[in-house]
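Analysis of the macromolecular model
Spelled out, the chains give:
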Amino acid sequence: MQILEFSVSAKSACRAFVDGETEIWNLTIPVSELPQGLPFGPNARNASLDAKPAKAMLKTLSSEPEKFVLYNSGIMLIADQIKATRVEGGGFTVKMKLNVPTSDDEGDFLGHGVLNGGHTYKCSMHALHGKHKRGELYLNIASAYVQVSVAVGINEDEIKNISRSRNLSLSVPLYALKNLAHDWKPIEEALPEQYRHNVLFKPNEDWGIDEKVNYDVTDLVRRLALFNNKLFDFRHDKHPLKAYSSLGSLVQDWKEEDYKEVIPLLKDILWLEQKIMEQHVKVNGKVNATGASGKKIVISKVSGCSQKPMKLITGVEIPLTIGEIFYMPVLAGFRVLLRDGQWTKPVEELWEEWGPKLVDRLWDTYKSEGRSSASAFARSKSTWSTLTNMVAMQFVQI
């Protein structure tokens, strides 16, 4: 556990609420006094400078900083300790201590830090210390004040409950709220460490890199659903179309028990996805594998695909963007090759035996059905059943 200590000057400081060990302090402090490096551990909300509220805050800080305290609802912090001391001449010195978990810590403690008002804090840090690439100026930032409430004596369960309650009326993704309840912990543990920076488990994660993170934990849920024979048993002609069309219901209905057999396979699943993408690139513009038609598959001209490069969850970049419908049913076909959460053969052998065949079959199906849009192709149950049954009819009989 890391201990962070901050000392700020405040125009006013009031202990507004006391109930046993729980206290809430209301502070009015200059924006310039906000300390750098406050963690977002207990915050579920996405704090982005591109969000509409953030743009409005930055405009106020630039053009009317003296009105910021009136226009802004402030920041709420969770801290371990707080102490306010009146200083001669007016005002207060406020000292705070926060406990922040490190990567070596075990347990589910979210840590102290910004629980609400993440946009306010991020905009303030940008105005004070950011790179103002758009040429914006914050010349009178010294006249800006902000209301900060600090709660101490809050246990771990209450931190989660407070964050949920204060953010439910805001635009908070469901997966972020579920992250507060540690619903995604098994997935995070199964995700290889080298891929972790490519996946967000809550929107305000900041890895300190300029490159945009294109995936979040819901993308992992979708891939796990593709292999889930408990929910989508191929023996009963059930197929994981929800992974393509109903992500919200998958996240809403998430139960670890339903996925316990496939979560440990996450690394293999992501490896298979990469192999499928590489196979798509390989066949792009090439003669059909059967040699029957002699026609080329120009994937970039297919609905849902393009010539833009695509970065996978594994971090590998391929030179094409492949629409989801052109790899999800292929992945789903591999669930036939699972028995009680184990591959029937090493996954590398299964790929060599089935992978290229499934990719070829997908394109054959796409051309034979004459679909003009990827979404129409995706909604067709036959798209999914064709590939799954191709494996099932041969493998299950064997």
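So, how was this worked out
- Residues numbered from 1 in each chain as written.
- Predicted model: local features only at pLDDT ≥ 70, side-chain atom pairs only at ≥ 80, totals over all residues.
- Heavy atoms only, no water.
- Axes fitted to C-alpha atoms, helices over the stretch in contact; angles between N-to-C directions.
- Helix = DSSP H or I, 4+ residues; strand = E, 2+ residues; numbered from the N terminus.
- Parallel < 35°, antiparallel > 145°, perpendicular 65-115°, else oblique.
- Left-handed = near helix turned anticlockwise from the far one by under 90°.
- Contact = heavy atoms within 4.5 Å.
- Nonpolar A, V, L, I, M, F, W, Y, C, P; charged D, E, K, R; others polar.
- Expected span 1.5 Å × (residues − 1).
- Bend = angle between axes of the 7 residues up to and from the residue.
- Buried < 20%, exposed > 50% of the residue type's maximum accessible area, 1.4 Å probe, protein only.
- Salt bridge = Lys/Arg side-chain N within 4 Å of Asp/Glu carboxyl O.
- Phe/Tyr/Trp six-rings, centres within 6.5 Å; stacked < 30°, edge-to-face > 60°.
- Lys NZ or Arg CZ within 6 Å of the ring centre and 35° of its normal.
- Pairing = 2+ DSSP bridges.

**Focus: the packing of helix α1 (residues 52-63) against helix α3 (residues 118-129)**
Axis separation between α1 and α3 bottoms out at 10 Å; the angle between their running directions is 45°. Judged by the inter-axis angle, α1 sits oblique to α3. In the packing of α1 onto α3, the handedness of the crossing is right-handed. Seen from α1, the contacting residues are Ala54, Met57, Leu58 and Leu61; seen from α3, they are His119, Thr120, Cys123, Ser124, His126 and Ala127.

**Observations concerning unusual backbone geometry**
Even without glycine at this site, Asp237 takes up a positive phi of about 55°. With respect to the element layout, Asp237 can be found in the loop between α7 (217-226) and α8 (242-245). For Asp340, which is not a glycine, the phi torsion comes out positive at approximately 55°. Looking at where Asp340 falls in the secondary structure, it is placed in the loop between β13 (338-339) and β14 (342-343).

**Some remarks on the packing of α7 against helix α11 (residues 266-283)**
Two elements in contact, α7 and α11, have axes separated by 10 Å at closest approach and are oriented at 90°. With respect to α11, the element α7 is oriented roughly perpendicular. Contact residues: α7 offers Leu220, Arg223 and Leu224, while α11 offers Leu266, Ile269, Leu270 and Glu273. For the contact of α7 with α11, the class distribution of residues is 5 nonpolar, no polar and 2 charged.

**Here we look at helix α13 (residues 347-369)**
Residues spaced three or four apart along an α-helix face the same direction, because each turn holds 3.6 residues. With 23 residues, α13 should reach 33 Å at 1.5 Å per residue; the first-to-last C-alpha distance of 31 Å fits that figure. At Trp354, α13 shows its largest bend, some 40°, and a proline, Pro356, comes one to four positions later. Residues of α13 that are buried: Val347, Leu350, Trp351, Trp354, Gly355, Leu358, Val359, Leu362, Trp363, Thr365 and Tyr366.

**Regarding the pattern of salt bridges**
For the structure on display, the rule yields 14 salt bridges. Put simply, Arg196 and Glu188 hold a salt bridge, and the shortest N to O gap is 2.9 Å. The salt bridge involving Lys345 is made with Glu353; its shortest N-O contact spans 3.0 Å. For Glu353, a relative accessible area of 28% puts it in the partly exposed group. Sharing partners across several salt bridges, the network here consists of Asp219, Arg222 and Glu324.

**Some details on the environment of Glu352**
By secondary structure assignment, the location of Glu352 is in helix α13. Take Glu352: its relative accessible area is 57%, and that puts it in the exposed class.

**A closer look at the packing of aromatic side chains**
One pair of aromatic rings is described through two measures. These are the centre distance and the angle between the planes. Applying the stated rule across the entire model yields 10 aromatic pairs. Arranged with centres 4.8 Å apart and planes meeting at 10°, the rings of Phe326 and Trp363 form a pair that is stacked. Of this pair, Phe326 sits in the loop between β12 (317-318) and α12 (328-333) while Trp363 sits in helix α13, and the two are 37 residues apart along the sequence. Each member of the pair, Phe326 as well as Trp363, carries the same accessibility label: buried. Three or more aromatic residues joined by ring pairs form one cluster here, namely Phe326, Trp363, Tyr366 and Phe377. When the ring centre of Trp354 is taken as reference, the NZ or CZ atom of Lys357 above it lies at 5.4 Å.

**Brief notes about the pairing of strand β4 (residues 75-79)**
Counting buried residues in β4 gives 5 out of 5 residues, a clear majority hidden from the surface. Residues Ile75, Leu77 and Ala79 point to one face of β4 and Met76 and Ile78 to the other, with burial holding for every one of them. Note that β4 and strand β8 (residues 145-152) share 5 bridges and pair parallel. Its bridge partner being in β8, Ile75 is matched across the sheet by Val148.

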